[in-house]
Amino acid sequence: MSDAVTPPGTLPMTLDAVDRRIIRCLLEDATLSNNELAERVGLTAAPLSRRLARLYGAGVIRQAVVVDPAAVGLGLQAFAEVTLNRTAPEVGERFVRAIAAMPEVVECHTVTGDFDFLLKISVKDIADYKRLIWNEFDRLPDIKGLRSTIVFDTPKRSLGTLPDW
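Rules behind the numbers
Residues numbered from 1 in each chain as written. Predicted model: local features only at pLDDT ≥ 70, side-chain atom pairs only at ≥ 80, totals over all residues. Heavy atoms only, no water. Pairing = 2+ DSSP bridges. Helix = DSSP H or I, 4+ residues; strand = E, 2+ residues; numbered from the N terminus. Axes fitted to C-alpha atoms, helices over the stretch in contact; angles between N-to-C directions. Expected span 1.5 Å × (residues − 1). Buried < 20%, exposed > 50% of the residue type's maximum accessible area, 1.4 Å probe, protein only. Polar contact = N/O pair within 3.5 Å; in protein donor to acceptor, adjacent residues only side chain to side chain. Core = buried A, V, L, I, M, F, W, Y, C linked by side-chain atoms within 4.5 Å. Contact = heavy atoms within 4.5 Å. Salt bridge = Lys/Arg side-chain N within 4 Å of Asp/Glu carboxyl O.

Just to check I follow, could you spell out the sheet that holds strand β6 (residues 143–151) for this structure?
Across a sheet, strands are paired by hydrogen bonds formed along the backbone, either parallel or antiparallel in direction. The sheet built from 4 strands is open, its strands ordered β4-β5-β3-β6 with antiparallel pairing. Where the open sheet ends on each side, the last strands, each with one partner, are β4 (105–110) and β6. Here the average twist between neighbouring strands, direction ignored, is 20°. As paired strands, strand β3 (residues 76–84) and strand β5 (residues 117–123) are joined by 7 bridges and run antiparallel to one another. Counterpart to A80 in the pairing with β5 is L119.

Below you can see the structure in the form of structure tokens.
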């Protein structure tokens, strides 16, 4: 069975069973060498390299380094629900540009519901979070409301999944 995947600005890409095995193996262990990955999915090095190039090129998979925040001194993670004064496109774009310049904001999601943006924030401690909210966010004129949720622990973290279609 194959799936259609549509990265922005491209035509749908069909994933076959081998593509899906490659993706599953990488989700389980992204540190596999190409030789190990090829062996696990039943390919030789050259066809695996072509498939990986196609999957990366189409935007189906991406490569990233994941840093453990606590291991680098960022002991506090929080989610901030942000409501803007207006939902006009220029207001949202201005807000996104402003938070793009804040390294403490590690994720930004535009959402529907009771608020407009859900931000994941990573800082040293509660004093650093207070500084960010009072000194940085307070300068943004378009924020109507901000509600914080402090993360105690993250018992599950996944960087992706592949449905069993």
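Explanation requested: helix α1 (residues 17–28) in the structure shown.
The periodicity of an α-helix, 3.6 residues per turn, causes residues three or four places apart in sequence to face the same way. For α1, spanning 12 residues, the distance from its first C-alpha to its last is 16 Å, which sits close to the expected 16 Å at 1.5 Å a residue. Every buried residue belonging to α1 is among V18, D19, R20, I22, I23, C25 and L26, and all of these are buried. Of the residues flanking the start of α1, the one acting as N-cap is D16, its side-chain oxygen 3.1 Å from the backbone nitrogen of V18.

Could you clarify how one ought to interpret the nonpolar core in this entry?
One recurring pattern in soluble globular proteins: nonpolar side chains tend to sit buried together. Within the largest apolar cluster, 21 residues are counted, with the highest numbers of intra-cluster contacts made by F95, I99, L119, I121, Y129 and F137. Only β3, α4 (89–100), β5 and α5 (126–136) provide two or more residues apiece to this core. Counting residues per element, this core draws most heavily on β3, at 5 residues. When neighbours within four sequence positions are excluded, F137 is seen to be in contact with I99, M102, V105, L119, I121, L132, I143 and L146. Counting 17 residues, the second-largest nonpolar core is a separate cluster that includes L26, A38, L48 and L52.

Looking at this model, I keep getting lost on the pattern of salt bridges. Mind explaining?
It is possible for side chains bearing opposite charge to pair when their charged atoms get close. As enumerated under the stated definition, the model contains 9 salt bridges in all. Here R147 ties to E81 by a salt bridge, and the two come within 2.9 Å at their closest N and O atoms. Taken together, the residues R147 in strand β6 and E81 in strand β3 connect sequence positions 66 residues apart. On the basis of relative accessible area, E81 is assigned to the buried category, the value being 15%. Each of the salt bridges in this network shares a partner with another, and the network as a whole consists of D16, D19, R51 and R54.

Geometric descriptors of this kind do not, in isolation, establish any biological role.
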